[in-house]
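Commentary on secondary and tertiary structure
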Amino acid sequence: MSSVVLITGAATGIGNLTARSLAAAGHTVYASMRDVRGRNAAHAEELLALGRREGQDLRVVELDVRSEASAEAAVATVLDEAGRLDTVVHNAGHLYVGYVEAFTPKDVQRLLDVNAVGIQRVNRAALPHMRSRRSGTLLYVGSTTSVVVPPFLGPYVASKFAADALAQVTAYEVGQFGIETTIVMPGPFTQGTEHFPNASRAGDGERTRAYAALDPMAARNEEATEGLFPPGVDAHPRAVAEEIVRVLDLPVGTRPFRTVVDFSQAGVEEANEVMRRAQEEFLTRLGFGELLHVKGAEAA
């Protein structure tokens, strides 16, 4: 069924691929990004031109997840134009590469502000509408790093842990208002995104040099990651976009809480199942088992 979808961080990478895929599947898509008339003007026009060419309802809206006012304005625009907002795809994010000690506290705060607090800003803008309708879907582009914890990405991994925790606890609460949650967990990709090329480095050069003995290991991080992919497999982030389309096309009440798109064969699905059982048992023992189920979202 066609829905109105707002995607954060849709200028490039997974967000851009998802906007294209959802529009092609017949959804009304608001591809959001920063600086629509400036640095991302070409990305915005490319998406708008695609929509016109293919007869798709593909729109662009300004949204900087670092700004509460920007999040509120973007959601207001969607509601003004489309009359409703069915799904938020939380995709905006940034990557930091380097040794943890070499990242200043300000570095870490900046990344958490984008990758975790940004989610909170957008949710606070969108949830009053969804709660009033007692329906909607929050779909988070998470990461397998919050399970397997790779090296040399410390602040990024911490931010994805934080985002995952926010998503889980938010899901307990908004589920009682008919709002579904899915966390899509991509594994690593070394092509098809600007994640690694645009990654930020640690701000303290002196501390970075103190870890020079680890430089050879850090330098082959991407190569080591590629070595995890089975021969002949096209490990491209379009698979994440395709999974998001699949999940949103499922009937209400049947969408998975977690789904993994990982070509590195890291065993994340098995870890997720262990955590799911522990979580279910813990909440049930607390007497809060009902929080595990979305109220009113039973499959027809």
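If you're wondering where the values come from, they're calculated on a predicted model, not measured in any experiment.

Rules and cut-offs
- Residues numbered from 1 in each chain as written.
- Predicted model: local features only at pLDDT ≥ 70, side-chain atom pairs only at ≥ 80, totals over all residues.
- Heavy atoms only, no water.
- Axes fitted to C-alpha atoms, helices over the stretch in contact; angles between N-to-C directions.
- Helix = DSSP H or I, 4+ residues; strand = E, 2+ residues; numbered from the N terminus.
- Parallel < 35°, antiparallel > 145°, perpendicular 65-115°, else oblique.
- Left-handed = near helix turned anticlockwise from the far one by under 90°.
- Contact = heavy atoms within 4.5 Å.
- Pairing = 2+ DSSP bridges.
- 1 Å grid on protein atoms, 1.4 Å probe; cavity = no way out; pocket = protein on both sides within 12 Å on 5 of 7 lines; lining within 4 Å.
- Points joined across faces, edges and corners; volume = space filled by probe spheres on them.
- Nonpolar A, V, L, I, M, F, W, Y, C, P; charged D, E, K, R; others polar.
- Phe/Tyr/Trp six-rings, centres within 6.5 Å; stacked < 30°, edge-to-face > 60°.
- Buried < 20%, exposed > 50% of the residue type's maximum accessible area, 1.4 Å probe, protein only.

Further remarks concern the packing of helix α1 (residues 13-24) against helix α10 (residues 238-248). Where α1 contacts α10, the two axes come as close as 8 Å, and the packing angle between them is 45°. Considering the angle they form, α1 stands oblique to α10. When you trace α1 past α10, the crossing you get is right-handed. The residues of α10 that touch α1, namely those facing Ile14, Leu17, Thr18, Ser21 and Leu22, are Arg238, Val240, Ala241, Ile244, Val245 and Leu248.

In this section: the sheet that holds strand β4 (residues 87-90). Read from one edge to the other, the open sheet built from seven strands follows the order β3-β2-β1-β4-β6-β7-β9, with strand pairing classed as parallel. The sheet is open, and its two edges are formed by β3 (58-62) and β9 (258-261), each paired on a single side. Along the sheet, successive strands turn relative to each other by an average axial angle of 20°, direction set aside. With four bridges joining them, strand β7 (residues 179-186) and β9 adopt parallel strand pairing. Residue pairing in the sheet places Pro186 in a bridge with Val261 of β9.

Attention now goes to the layout of surface pockets. Approximately 820 Å³ is the volume attributed to the second largest pocket. For the second largest pocket, the lining is made up of 34 residues, of which Phe257, Arg258, Arg276, Gln279 and Leu292 are closest to its centre. Put simply, the parts of the chain that give the lining of the second largest pocket at least two residues each are α5 (145-148), α6 (154-174), β7, β9 and α11 (268-286). By residue number, the principal contributor to the lining of the second largest pocket is α11, which donates seven residues. Looking at the lining of the second largest pocket residue by residue, the class counts come to 15 nonpolar, 10 polar and nine charged.

The description of an aromatic ring pair uses the distance of the two centres, along with the angle that the planes make with each other. Enumeration over the complete set of coordinates arrives at four aromatic pairs. On the numbers, 5.2 Å between centres and 20° between planes, the contact of Tyr99 with Tyr211 is stacked. Linking Tyr99 in the loop between β5 (96-97) and α4 (105-133) with Tyr211 in the loop between α7 (205-210) and α8 (215-219), this pair joins segments that are 112 residues apart in sequence. Of the residues examined, Tyr99 reaches a relative accessible area of 7% and is grouped as buried. Where Phe189 meets Phe263, the ring centres are 6.1 Å apart and the plane angle is 70°; that geometry is what we call edge-to-face. On the criterion of sequence distance, the pair formed by Phe189 in the loop between β7 and β8 (200-201) and Phe263 in the loop between β9 and α11 is long-range, its members being 74 residues apart.

Any link to function would need more than the numbers given here.
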